[in-house]
Amino acid sequence: MSTTHRTGRLAAAAAAAALGVTALAGCGSSDDQASDGSKGSGSKTVTLVSHDSFNASEAVLKEFTKETGYTVKVLKSGDAGVALNQEILTKGSPRGDVFFGVDNTLLSRALDSGLFTPYEAKGLDRVAEATRLDAEHRVTPVDTGDICVNYDKKYFADKKLAPPSTFADLAKPAYKDLLVTENAATSSPGLGFLLGTVAAYGEKGYQDYWKKLEKNGVKVVDGWEEAYNEEFSGSAGGKKAKADRPLVVSYASSPPVEVLYAKQPPAEAPTGVATGTCFRQIEFAGLLDGAKNEAGGKALLDFLISKKFQEDMPLNMFVNPVVEDAELPEVFTKFGATVEKPETVAPDSIAKNREQWVQSWSSLVVK
Amino acid sequence: MAVPVAFFALFFAYPVAAIVGRGLKADGVWQFGRVGEVLARPDIRDVLWFTGWQALASTALTLLIALPGAYVFARLDFPGKQLLRAVVTVPFVLPTVVVGTAFLALLGRGGFLDELWGIRLDTTVWAILLAHVFFNYAVVVRTVGGLWSQLDPRQEEAARVLGAGRFAAWRRVTLPALAPAVAAAALMVFLFTFTSFGVVQILGGPGYSTLEVEIYRQTAQLLALPTAAVLTLVQFAAVGAILAVHAWTVRRRETALKLVDPERTARRPRGAGQWALLAGVLLTVLLLILLPLGVLVERSLDAPGGHGLDFYRALGSADAGGGTFLVAPLEAIWNSVQYALVATAIALVVGGLAAAALTRRAGRLVRGFDALLMLPLGVSAVTVGFGFLITLDEPPLDLRTSWILVPLAQALVGVPFVVRTMLPVLRAVDGRLREAAAVLGASPLRAWREVDLPLVRRALLVAAGFAFAVSLGEFGATVFIARPDRPTLPVAVARMLGRAGELNYGQAMALSTILMVVCALSLLLLERIRTDRSGEF
């Protein structure tokens, strides 16, 4: 009896200490109070749920608050696939009002699960026709990005070899043992590249193409970070790691990023893009079913395709705007590549065949 | 007892059960047939087979390499020992994203082995095994070495006086005393390698997959909850079995051994044999642990135009080189420290109370609870994270967007460490002291303050330090939990590595180095306040 009594005291003291620390930590985060306030109706906070790559400049978010009176709170959780799956799991009782970051490779999964409430955003007519994939307006296109093979300019200049520009080039003997790509089963650029080859060679031909790539010494690693930072000789990380693959599956926006994030900005990007090897990703946002702040969510959707947000986006997320009157920053037009004919696959075809394509791809190149 | 049980039930058992249940139920009907279906799949069998044998091989290799280290750290005295012991523990609390990169630099192309002998081990199973040794070296050194340093060497000497050969004396006297600790260490290493995630993903390449990796893939990427649920159950069963055996060996170890102050057992090395052993162990530590950590530091300093602190300076500003991070990376450190402090407080309360309850009460049920508290170490972070999402979604417990979820998840991993550290010390407190105080008129609070507290204070600090370091490095659960825009250090590192550009890469390395130094410092502090019986970590 007396021993339990003492344990109780220990508990009380320790709990008090814990509460003290908790309160202390609470002081540091003023936004938590805002989140509690957002539960009520007519709230002035609108919550955007997204993946880890979401970024917007503070100025543009303030602009939104000034225009509409709503403050944006951002929740990021994991990569694009993980973030979407979490939304599907919490369907009907969402953590936020708007979800941003479902792309065309996952679009059908999102739409089939009934995640979004239809809303036709204001200004949708200015958005490129090719990106408007949902006639019911459950999702609104926000940006596009191209997954393409990047090359190390210095390597090809030193070797006096022309860099590859098409899928077919990659299978040529001149480029043997040069390409590194990501696992299509676990990485979105890896999947995008695989889908690009499916689009280019058809559902039958893509396997033969990958057999050729396999013979030509393509290397597969698990994720973009390893491929780009450890294996690709053109990146800063790769140079330190003495990487030996001058071709990597990355993004069309990677060369501008290399320039922007160089300590001493070079006159020319160290890497280039093989523009005939691109798969186009389109990212969408939608109003979540069960959103607590529907009005705010709608205003946010309008804002995502406003000229202001669209022009802010490229330097924050390294993607391209979808509205036709948005201008690209200079670093993009100067160092980036214009992809004339990116490959695409219809979302429902991806939803239907994705698993099977990835599986047969795995059996060809992953051992 | 009520607090730890409630904590465990609410933040572990309920979420995990809910997500597993979601996978195994269809239209409200349990589908246990799915277990058989999933287990019959050849790809799943491959995963199970690989998970098992790589864990066995990793454990064997770790014991082989780390046992001499345990001896050297326990019995030999040499300058810098404390520092080195803190340093070998650093990998254990570093996030694997970071270490994988460093390890790749050694075993991959242009790495150490490549330059010397042209050997590359990346994307081979050897890279995985060696990285597992790297991560778990400290587990063996601390568990086995901790006990070894307290075994009275005179017992072995007595046997030799009585005519036993050196080896026979060791085999008959020291080995039996040590065996339970070796078994406990082996089981912990087996548990950690069985549930290995980051190491296998980064170093193994796409050809290798453990159960944990497969659970992640099925849940997070494919949303194939039925398959994930079955795999989670399989992992549960395996981890449960490991923990049951572990609890049994721990109990055996706690049967009284004559222990002495470690200060008295360590000596300067004598004779060629001991010097060679010391040199061998130091070389192993240098190659296997210091070198990968050194690579990280080197890369963080390798700024354009010569080595310098450029990347560290860049950490201070939110708009380094173009302005894309909402918060300055340096702020992530402060976030991490805040989260880790709260997590430590929670882990201390829950773990401390659990340890107290386990000390005061015996019986099968309580012992079972002891093993249960270890379970979070063996359950996939994605399962817990997704479980949180679907269970803690109603007021008053709609914690899904609250910052408290992060320290709660971190505390789950910290609690086992607190329990393991506190338990032996609490058990050693003599109840008669307390009774004497009561007889002399002390109130229960005063008796606790005057008797218990001084005795357990050091253990409490050690436990707090471990919980803090583990929380600081925790990545798995944190990354799944949506939070106000306050990334932790490991999350910030991962985000930076996820972007092209020299500055991003350099800053990731610099942040990792800072994380490493903070971990090393808190561990070094622990070395200073180590208790005589500071548990097995």
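Residues numbered from 1 in each chain as written. Chains lettered and ligands numbered in written order. Predicted model: local features only at pLDDT ≥ 70, side-chain atom pairs only at ≥ 80, totals over all residues. Heavy atoms only, no water.

Chemist: Just to check I follow, could you spell out the overall build of chain A for this structure?
Modeler: In terms of helices and strands, chain A carries 15 helices and 10 strands. Expressed as a percentage of its 367 residues, the buried residues of chain A come to 58%. Considering only contacts in chain A between residues 6 or more positions apart, those separated by 24 or more positions represent 75%. (Helix = DSSP H or I, 4+ residues; strand = E, 2+ residues; numbered from the N terminus. Buried < 20%, exposed > 50% of the residue type's maximum accessible area, 1.4 Å probe, protein only. Contact = heavy atoms within 4.5 Å.)

Chemist: When you look at the overall build of chain B in this model, what are you seeing that I'm missing?
Modeler: A count of helical and extended segments in chain B gives 24 helices and 2 strands. Expressed as a percentage of the 537 residues in chain B, the buried residues total 61%.

Chemist: What am I meant to see in the state of the cysteines here?
Modeler: Simply put, the disulfide is a covalent bond whose two ends are the sulfur atoms of two cysteines. All names here are of chain A. Enumeration according to the criterion identifies 1 disulfide over all chains in this entry. A sulfur-sulfur separation of 2.0 Å characterises the disulfide bridge that pairs C148 with C278. Looking along the S-S bond of the C148-C278 disulfide, the torsion reads about 115°, which is the right-handed sense. Here C148, found in strand β5 (residues 140–152), pairs with C278, found in strand β9 (residues 271–288); they are 130 residues apart in sequence, far enough to count as distant. (Disulfide = S-S within 2.5 Å.)

Chemist: Would you mind showing me how to read the pattern of salt bridges here?
Modeler: Pairs can form between side chains of opposite charge whenever their charged atoms are close. Residue and element names in this part refer to chain A. Applying the stated rule across the entire model yields 20 salt bridges over all chains. Across the salt bridge formed by E67 and K308, the nearest N and O atoms sit 3.1 Å from each other. With E67 in helix α3 (residues 58–68) and K308 in helix α13 (residues 307–317), the pair connects residues that are 241 residues apart, well separated along the chain. The salt bridge partner of D325 is R126, with a shortest N-O separation of 3.4 Å. Here D325, found in the loop between β10 (320–321) and α14 (330–335), pairs with R126, found in the loop between β4 (116–117) and β5; they are 199 residues apart in sequence, far enough to count as distant. Judged by relative accessible area, R126 falls into the partly exposed class, the value being 26%. Here the salt bridges do not stand alone but share partners, grouping E63, E67 and K308 into one network. (Salt bridge = Lys/Arg side-chain N within 4 Å of Asp/Glu carboxyl O.)

Chemist: I'm lost on the packing of helix α8 (residues 153–161) of chain B against helix α9 (residues 166–194) of chain B in this one. Help?
Modeler: Any two packed helices are characterised by the angle at which their axes cross and by the distance between the axes. All names here are of chain B. The geometry of α8 relative to α9 is characterised by a closest axis approach of 9 Å and an angle of 130° between their N-to-C directions. The orientation of α8 with respect to α9, classified from their angle, is oblique. Here α8 and α9 pass one another in a crossing that is right-handed. Where α8 approaches α9, its residues Q155, E156, A159 and R160 are matched on the opposing element by R166, A169, W170, V173 and T174. Looking at the contact of α8 with α9, its residues break down into 4 nonpolar, 2 polar and 3 charged. (Axes fitted to C-alpha atoms, helices over the stretch in contact; angles between N-to-C directions. Parallel < 35°, antiparallel > 145°, perpendicular 65-115°, else oblique. Left-handed = near helix turned anticlockwise from the far one by under 90°. Nonpolar A, V, L, I, M, F, W, Y, C, P; charged D, E, K, R; others polar.)

Chemist: Got a minute to help me understand the pairing of strand β8 (residues 247–251) of chain A in this structure?
Modeler: On a regular strand, each side chain points to the face opposite its neighbour's, so the side chains alternate between the two faces of the sheet. Residue and element names in this part refer to chain A. Most of β8 is tucked away, with 4 of its 5 residues classed as buried. Two elements, β5 and β8, share 5 bridges in a ladder whose sense is antiparallel. Bridge pairing in β8 places N150 opposite V248. Direction of pairing for strand β6 (residues 179–182) relative to β8: parallel, over a ladder of 2 bridges. Its bridge partner lying in β8, L179 is registered against L247. (Pairing = 2+ DSSP bridges.)

Chemist: How should I be thinking about the nonpolar core in this particular structure?
Modeler: Nonpolar side chains in soluble globular proteins tend to end up buried together. Counting 191 residues, the largest nonpolar core has F7(B) and F388(B) as the members making the most contacts within it. If you tally residues by element for this core, the top one is helix α7 (residues 125–148) of chain B, at 17 residues. Contact partners of F388(B), with chain neighbours within four places excluded, come to F11(B), P15(B), R400(B), L405(B), A409(B), L412(B) and I481(B). Counting 34 residues, the second-largest nonpolar core is a separate cluster that includes A185(A), F193(A), W210(A) and A274(A). (Core = buried A, V, L, I, M, F, W, Y, C linked by side-chain atoms within 4.5 Å.)

Chemist: How do you make sense of the side chain of N136(B) when you look at a structure like this?
Modeler: Residue and element names in this part refer to chain B. Here N136 lies in helix α7. Residue classification places N136 among the buried residues on the basis of a relative accessible area of 3%. With residues near it in sequence (within four places) discarded, N136 still touches T62, F92, V189, F192 and T193.

Chemist: Help me understand the packing of aromatic side chains in this model?
Modeler: Each aromatic ring pair is characterised by the separation of its centres together with the angle its planes make. Summed over all chains, the structure comprises 25 aromatic pairs over all chains. Ring geometry for Y71(B) and W148(B): centres 5.2 Å apart, planes at 65°, overall edge-to-face. On the criterion of sequence distance, the pair formed by Y71(B) in helix α3 (residues 42–75) and W148(B) in helix α7 is long-range, its members being 77 residues apart. Site record: aromatic cluster; members linked through ring pairs are F167(A), F193(A), Y201(A), Y209(A), W210(A) and W361(A). Just above the ring of Y70(A) sits the side chain of K44(A); from NZ or CZ to the centre is 4.7 Å. (Phe/Tyr/Trp six-rings, centres within 6.5 Å; stacked < 30°, edge-to-face > 60°. Lys NZ or Arg CZ within 6 Å of the ring centre and 35° of its normal.)

Chemist: Got a minute to help me understand helix α12 (residues 294–304) of chain A in this structure?
Modeler: Given 3.6 residues per helical turn, the α-helix brings residues three or four places apart onto the same face. In terms of burial, α12(A) is a largely internal element, 8 of the 11 residues being buried. Buried residues of α12(A): G296(A), G297(A), A299(A), L300(A), L301(A), D302(A), F303(A) and L304(A), and no others.

Chemist: What am I meant to see in the confidence of the model for chain B here?
Modeler: Regions with low pLDDT carry predicted coordinates that are not meant to be interpreted in detail. Residue and element names in this part refer to chain B. In this model, chain B carries a mean pLDDT of 81, and residues with pLDDT of at least 70 account for 89%. When the elements of chain B are averaged for pLDDT, helix α13 (residues 262–265) gives the smallest value, 67, and α3 the largest, 92. Within the model, pLDDT remains below 50 along residues 320–324, and this stretch shows 17 contacts once partners closer than five positions in the same chain are excluded. Predicted confidence is poor over residues 531–537, with pLDDT under 50, and the contacts of this stretch with residues over four places away or in other chains come to 25 contacts. Overall fold confidence for the complex sits at a pTM of 0.82, while the interface term, ipTM, reaches 0.78. (pLDDT = per-residue confidence, 0-100.)

Chemist: Help me understand the environment of E450(B) in this model?
Modeler: Checked against the element boundaries, E450(B) lands in helix α21 (residues 444–473). Along the backbone, E450(B) and S336(B) are 114 residues apart, and their C-alpha atoms lie at a distance of 34 Å.

Chemist: Looking at this model, I keep getting lost on the pairing of β5(A). Mind explaining?
Modeler: All names here are of chain A. With 13 of its 13 residues buried, β5 lies for the most part within the structure. One ladder, built from 11 bridges, connects β5 with β9; its direction is antiparallel. For P141, the partnering residue across the bridge sits in β9 and is F284. In terms of strand pairing, β5 meets β10 through 2 bridges, oriented antiparallel. Following the sheet pairing, T144 is matched in β10 by N320.

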